[in-house]
Amino acid sequence: MTAHRLTGAPVAQRLRAETDGNVATLRRRGAVPGLAVVVATDHEATLWYVRSIARAADKAGVHCTVVDLGADAGADELISTLTLLSADEDVHGIILQTPLPPGVDGDELVAHISAAKDVDGANPLSLGRLTVGQEAFAPATARAVVEILEHYEVPLAGRHVSVVGRSTVVGKPLLQLLLQRDATVTVCHSRSRPLERYTSEAEVVVAAVGRPGLLTGALVRAGAVVIDVGTNVLDNGDLVGDVEPVSTTEVAAALTPVPGGVGTVTTALLLLHTTQAALQAGGETASVRASGQGASA
Ligand code: NAP
């Protein structure tokens, strides 16, 4: 068997068309959607990622401001920046980019992002609302996984999905999004041993760990759909996922590539969420529901 490549490009294209429509509506009203990305690192791969968001925003007609506080920014400075941006009427979406300076508690900081502008679902309120099925922006990466599965018409209701990784930005919100779609979900983490016990029976396996080659063909069942969320930069500069592609391609029915899979869709979703937040700020009930219950209806 040779797995199909589930590329992110057609999914991102559809999301960009939706974003374009929202931008046009906002412009007719004299409004420009605004996104602020707060950065406090000198990690080159992160800065590259932030620049790629800014470029995509520019193309989409979303005004993007990168607020670079430097790698030695303190918690107070970060909190006051997030508080100011939350009150700024020209800013509709706020992202706090990780990694943060050592010793700074990210969980404390994200609570200072206004829930209405929390376009990457980082504020604990957003995850709480998602958990109980209320309107909220889901973290873009978690939603990107579901958008890809739905685009390629991978059935979820009644299927067993194994998610490897339980972080607040990927694994936990993805659990909620999958439960809302009636999947049966196993969430694995570093203490789930042996991992194949939890992955080898699943119809869909999502790898979101941050370890190259963690998931091999030996860990998945024949015909499984495998979604690779991992983004790892090797010493030679190559970007690879968590899935070992050669052995997995021989066993799985479908696999997302890295790069060109989940990451592509994540960026498109951040911009879509920003335009939805801008519409809502203007009093329109733009649906962010695609991230919540009943989205696939
Ligand atoms: P994270 O916060 O470090 O979480 C990693 C998770 O993996 C943890 O739950 C950890 O378990 C689990 N884990 C570690 N070793 C494991 C093992 N041997 N077996 C099973 N589980 C294991 O990472 P993250 O922020 O979720 O990111 C995960 C990956 O996704 C990274 O490569 C990141 O770069 C990538 N990512 C991609 C995008 C995108 O747009 N494509 C966006 C965000 C993140 P414990 O909880 O027990 O520690």
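Q: Can you explain helix α1 (residues 9–28)? Please cite residues and give values.
A: With 20 residues, α1 ought to run about 28 Å at 1.5 Å a step, and its terminal C-alpha atoms sit 28 Å apart, in line with that. Along α1, the residues that are buried comprise V11, A12, L15, T19, N22, V23, T25 and L26. On an axial view of α1, the arc spanned by its buried residues comes to 160 degrees, and they lie on one face. Opposite the buried face of α1, by more than 90 degrees, sit the exposed residues Q13 and R28. Contacts from the buried residues of α1 go to α2 (44–60), α6 (140–151) and α10 (262–281).

Q: Describe the nonpolar core, with residues and values.
A: In this structure, L35, L149, L178, V206 and I227 are the most contacted members of the largest nonpolar core, which totals 53 residues. Considering each element in turn, this core owes the most residues, eight residues, to α10. Counting only domains with at least three residues in this core, you end up with domain 1 (31–114) and domain 2 (140–262). Apart from the residues lying within four places of it in its own chain, the contact partners of L178 are V146, L149, L156, V161, V163, A183 and V185. V38, A73, I94 and I113 belong to the second-largest nonpolar core, a separate cluster that totals 18 residues.

Q: Which residues make up the pattern of salt bridges, and what values do they have?
A: In total, this model carries four salt bridges according to the counting rule given. Across the salt bridge formed by E44 and R51, the nearest N and O atoms sit 2.9 Å from each other. On the basis of relative accessible area, E44 is assigned to the partly exposed category, the value being 49%. Between E147 and R143 there is a salt bridge, with the nearest N and O atoms lying 3.0 Å from each other. Of the two residues, E147 and R143 both sit in helix α6, four residues apart, roughly one turn of that helix. Accessibility classification places E147 together with R143 in one group, the buried group. Via salt bridges that share partners, R14, R143 and E147 belong to a single interconnected network.

Q: Quick rundown of a negative patch on the surface? Include the residues and the values.
A: On the surface, a cluster of negative charge is made up of D76, D105, D107 and E108. Mapped onto the secondary structure, D76 falls in helix α3 (residues 75–87).

Q: I'd like a rundown of helix α5 (residues 124–131), residues and numbers included.
A: Within the span of α5, buried status applies to S126, L127 and L130. Mapping the buried residues of α5 onto a view down its axis gives an arc of 95 degrees, with all of them on the same face. In this structure, the buried side of α5 is in contact with α7 (171–180). Of the residues that open α5, the one with a side-chain oxygen 2.9 Å from the backbone nitrogen of L125 is N123. Residue G133 follows α5 closely and has a positive phi angle near 80 degrees.

Parameters and conventions
- Residues numbered from 1 in each chain as written.
- Predicted model: local features only at pLDDT ≥ 70, side-chain atom pairs only at ≥ 80, totals over all residues.
- Heavy atoms only, no water.
- Helix = DSSP H or I, 4+ residues; strand = E, 2+ residues; numbered from the N terminus.
- Expected span 1.5 Å × (residues − 1).
- Buried < 20%, exposed > 50% of the residue type's maximum accessible area, 1.4 Å probe, protein only.
- Arc of directions from axis to C-beta.
- Contact = heavy atoms within 4.5 Å.
- Core = buried A, V, L, I, M, F, W, Y, C linked by side-chain atoms within 4.5 Å.
- Domains from an automatic or database assignment.
- Salt bridge = Lys/Arg side-chain N within 4 Å of Asp/Glu carboxyl O.
- Patch = residues over 30% accessible without salt bridge, like charges linked within 9 Å, V, L, I, M, F, W, Y side chains within 5 Å.
- Areas by Shrake-Rupley, 256 points an atom, 1.4 Å probe, with all protein chains shown as cover.
- Lys, Arg positive; Asp, Glu negative; His and termini not counted.
- Charge placed at Lys NZ, Arg CZ, Asp CG, Glu CD.
- Polar contact = N/O pair within 3.5 Å; in protein donor to acceptor, adjacent residues only side chain to side chain.

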